[in-house]
Amino acid sequence: MSGASLASNSSSPFVSWKVEHAAIRVPDLDTAVAWYSEKLDFRLLRSWQLPGKKIGWISPIANDGFIFELIAGPGADDRPAYEDLGSSYKVSGWHHTAFQVESVDNTVVELKRRGVTIVSEPHDLAEIRSRAAFFADLWGNLFEVMQVISS
């Protein structure tokens, strides 16, 4: 399927689909909200209880268009701690969420200042005309910051 994709199809039964949120499993809601607030300036939008779980919705400081749902409670297995980006490719499933930023380099400097684990230093991806870096939260979830660069 080398580079192939489906053409836009306004008659698809899924035409109305838009990304609304992604869920992150964490052991403790208060700890997770504190980490995302202090390290990434995320805001807690709402929280509630389910049997055996606490749920919270968080969003980036200036983007209500995408929500992370934090699902907290006992019983979750730990993810591996990634030493580098290459080791992260050994685990199946969701790999990372990407944020578009104005400057990857400046963002990484600030993340380091805030004590965030950097998994991959800034590097250029010529194939997609982007500069990128990866970081992890306290639970090993990966995030990418990327910026468009000229060719």
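Structure first, text after, so check above.
The present account deals with the structure reproduced in this document. Quick caveat: nothing in here was measured; it's all calculated off a predicted structure.

**Looking at empty space enclosed by the protein**
Step number 1: Counting across every chain of the model gives 1 cavity of 30 Å³ or more.
Step number 2: Roughly 40 Å³ of volume is contained in the largest cavity.
Step number 3: Every residue along the wall of the largest cavity is listed here: R79, Y82, S88, V91, W94, H95, G140 and L142.
Step number 4: Partitioning the lining of the largest cavity into residue classes produces 4 nonpolar, 3 polar and 1 charged.

**Describing the layout of surface pockets**
Step number 1: In this structure, the largest pocket spans a volume of roughly 570 Å³.
Step number 2: Together, 22 residues line the largest pocket, and A23, I24, R79, W94 and N141 are the ones closest to its centre.
Step number 3: Elements that contribute at least two residues to the lining of the largest pocket include exactly strand 1 (21–26), strand 5 (96–100) and strand 8 (142–148).
Step number 4: A total of 5 residues in the lining of the largest pocket trace back to one element, the largest contributor, which is strand 1.

**Looking at the nonpolar core**
Step number 1: Counting residues in hydrophobic clusters, the biggest one holds 26 residues, and the most contacted among them are Y36, F68, L70, F135 and V145.
Step number 2: Listing elements by their share of this core, those giving two or more residues are strand 1, helix 1 (29–40), strand 4 (67–72), helix 3 (104–113), strand 7 (130–136) and strand 8.
Step number 3: Of the residues forming this core, the biggest block, 6 residues, is contributed by helix 1.
Step number 4: Those residues within four positions of L70 in sequence are excluded, and the remaining contacts are I24, V26, L29, A32, V33, Y36, K54, I55, G56 and I58.
Step number 5: Within the second largest apolar cluster, 6 residues are counted, among which are L85, V119, A136 and L142.

**Remarks on the sheet that holds strand 5**
Step number 1: In spatial order, the strands read 5-8-7-6; together these 4 strands make up an open sheet with mixed pairing. Of all strands in the sheet, those with a lone pairing partner are strand 5 and strand 6 (117–125), marking the two edges. Between one strand axis and the next, the sheet turns by 20 degrees as a mean value, whatever way the strands run.
Step number 2: Sheet topology note: the strand 7/strand 8 ladder contains 7 bridges and is antiparallel. When the sheet's bridge partners are listed, A132 is paired in strand 8 with M146.
Step number 3: Sheet strands in contact with helix 3 are strand 6, strand 7 and strand 8, and its direction is about 170 degrees off that of strand 6.

**Comments concerning the packing of aromatic side chains**
Step number 1: This structure, assessed with the given rule, holds 13 aromatic pairs.
Step number 2: Both rings, one in F66 and one in F68, keep their centres 5.1 Å apart while their planes meet at 85 degrees; by these two values the pair is edge-to-face. The pair F66 / F68 is uniform in exposure class, with both members buried.
Step number 3: Pairing F68 with F143 gives two aromatic rings, centres 5.8 Å apart and planes at 80 degrees, and the pair type is edge-to-face. Within this pair, whereas F68 is found in strand 4, its partner F143 is found in strand 8, the two being separated by 75 residues in sequence. The two residues F68 and F143 agree in class, both being buried.
Step number 4: Here the guanidinium or amino end of R46 rests over the ring plane of W57, the centre of that ring lying 5.6 Å away.

**Points about the pattern of salt bridges**
Step number 1: What the rule picks out here adds up to 7 salt bridges.
Step number 2: In this structure, R131 and D124 form a salt bridge, with 2.8 Å as the shortest nitrogen-oxygen distance.
Step number 3: The exposure class of R131 is buried, given its relative accessible area of 19%.
Step number 4: Here D124 falls in the partly exposed class, since its relative accessible area comes to 48%.
Step number 5: Overlapping salt bridges, with partners in common, bring together D41, E110, R113 and R114 in one network.

The rules behind each value
Residues numbered from 1 in each chain as written. Predicted model: local features only at pLDDT ≥ 70, side-chain atom pairs only at ≥ 80, totals over all residues. Heavy atoms only, no water. 1 Å grid on protein atoms, 1.4 Å probe; cavity = no way out; pocket = protein on both sides within 12 Å on 5 of 7 lines; lining within 4 Å. Points joined across faces, edges and corners; volume = space filled by probe spheres on them. Nonpolar A, V, L, I, M, F, W, Y, C, P; charged D, E, K, R; others polar. Helix = DSSP H or I, 4+ residues; strand = E, 2+ residues; numbered from the N terminus. Core = buried A, V, L, I, M, F, W, Y, C linked by side-chain atoms within 4.5 Å. Buried < 20%, exposed > 50% of the residue type's maximum accessible area, 1.4 Å probe, protein only. Contact = heavy atoms within 4.5 Å. Pairing = 2+ DSSP bridges. Axes fitted to C-alpha atoms, helices over the stretch in contact; angles between N-to-C directions. Phe/Tyr/Trp six-rings, centres within 6.5 Å; stacked < 30°, edge-to-face > 60°. Lys NZ or Arg CZ within 6 Å of the ring centre and 35° of its normal. Salt bridge = Lys/Arg side-chain N within 4 Å of Asp/Glu carboxyl O.

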